[in-house]
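# Coordinates in review
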Amino acid sequence: MTTRFDTKIVVVLRDDLATWQRLNVTAFLVSGLAATTPELIGEPYVDADGTVYAPMFRQPVVVLEGDAATVRAAHRRAVDRGLTVPVFTADLFATGGDEENRAAVAAVPREKLDLVGVAVHAPRNAADKIVKGARMHP
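Everything quoted here is computed from the prediction, not taken from an experiment.

### Brief notes about the pattern of salt bridges
A full pass over the atoms with the stated rule returns eight salt bridges. In this structure, Arg14 and Asp114 form a salt bridge, with 2.8 Å as the shortest nitrogen-oxygen distance. In this pair, Arg14 is assigned in strand S1 (residues 7–14) and Asp114 in the loop between helix H3 (98–106) and strand S6 (115–123), connecting sequence segments 100 residues apart. With a relative accessible area of 12%, Arg14 lands in the buried category. With a closest N to O distance of 3.1 Å, Asp98 and Arg102 form a salt bridge. Placement of both Asp98 and Arg102 in helix H3 is noted, with a separation of four residues, approximately one turn of the helix. Through salt bridges with shared partners, a single network forms among Asp15, Arg22, Glu65 and Arg135.

### Some thoughts on the sheet that holds strand S5 (residues 87–89)
Sheet architecture is open: five strands sit in the order S5-S6-S1-S4-S7, paired in mixed fashion. For this open sheet the edge positions go to S5 and strand S7 (135–136), each flanked by a neighbour on one side alone. By the bridge criterion, three bridges tie S5 to S6 in an arrangement that is antiparallel. Note on S6: the bridge partner recorded for Val87 is Val118.

Rules and cut-offs
- Every chain begins its residue count from 1, and numbering advances along the sequence as written.
- Since the coordinates come from a predicted model, pLDDT governs what is reported: local features require at least 70, and pairs of side-chain atoms require 80 or more to be given and counted, while whole-chain, interface and lining totals use all residues.
- Computation of side-chain values covers all heavy atoms of the structure but excludes hydrogens and water.
- The term salt bridge refers to a pairing of a side-chain nitrogen on Lys or Arg with a carboxyl oxygen on Asp or Glu at a separation within 4 Å.
- Helix and strand definitions here come from DSSP, where helices need a minimum of 4 consecutive H or I residues and strands a minimum of 2 consecutive E residues; each element is numbered from the N-terminal end.
- When a residue's accessible area, from a 1.4 Å probe over protein chains only, is under 20% of the maximum for its type it is buried; when over 50% it is exposed; and in between it is partly exposed.
- By this definition, two strands are paired if DSSP reports at least two bridges between them.

Following this line, the structure appears as structure tokens:
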């Protein structure tokens, strides 16, 4: 059964990241969407034995990739549409925690951020326009 959603969750990663970086960045970015958009989260899961599991997103997450210019363009388009998007910069690979992460981002003007990933939750059509040029992650 295929369900069509009115919105889309999309992560765009820079295509020169190591595998561990791609996974780490994706996890951090989608946590930002979950934190700012609680309606994306479904109900808890329960197995046949009654064991309760944590709820997850109600809809799929599409992971795309592109070069640095593609990630910057997606970021710019999202911000220009008034979206609050989670970002991950190259500087965050060298920090040790949340306060340092926020300080690293705060130290750099928006246009100079060395973005390695952004995530977007938006209406399908808008999300497609925001991530234009990105391709499916292999």
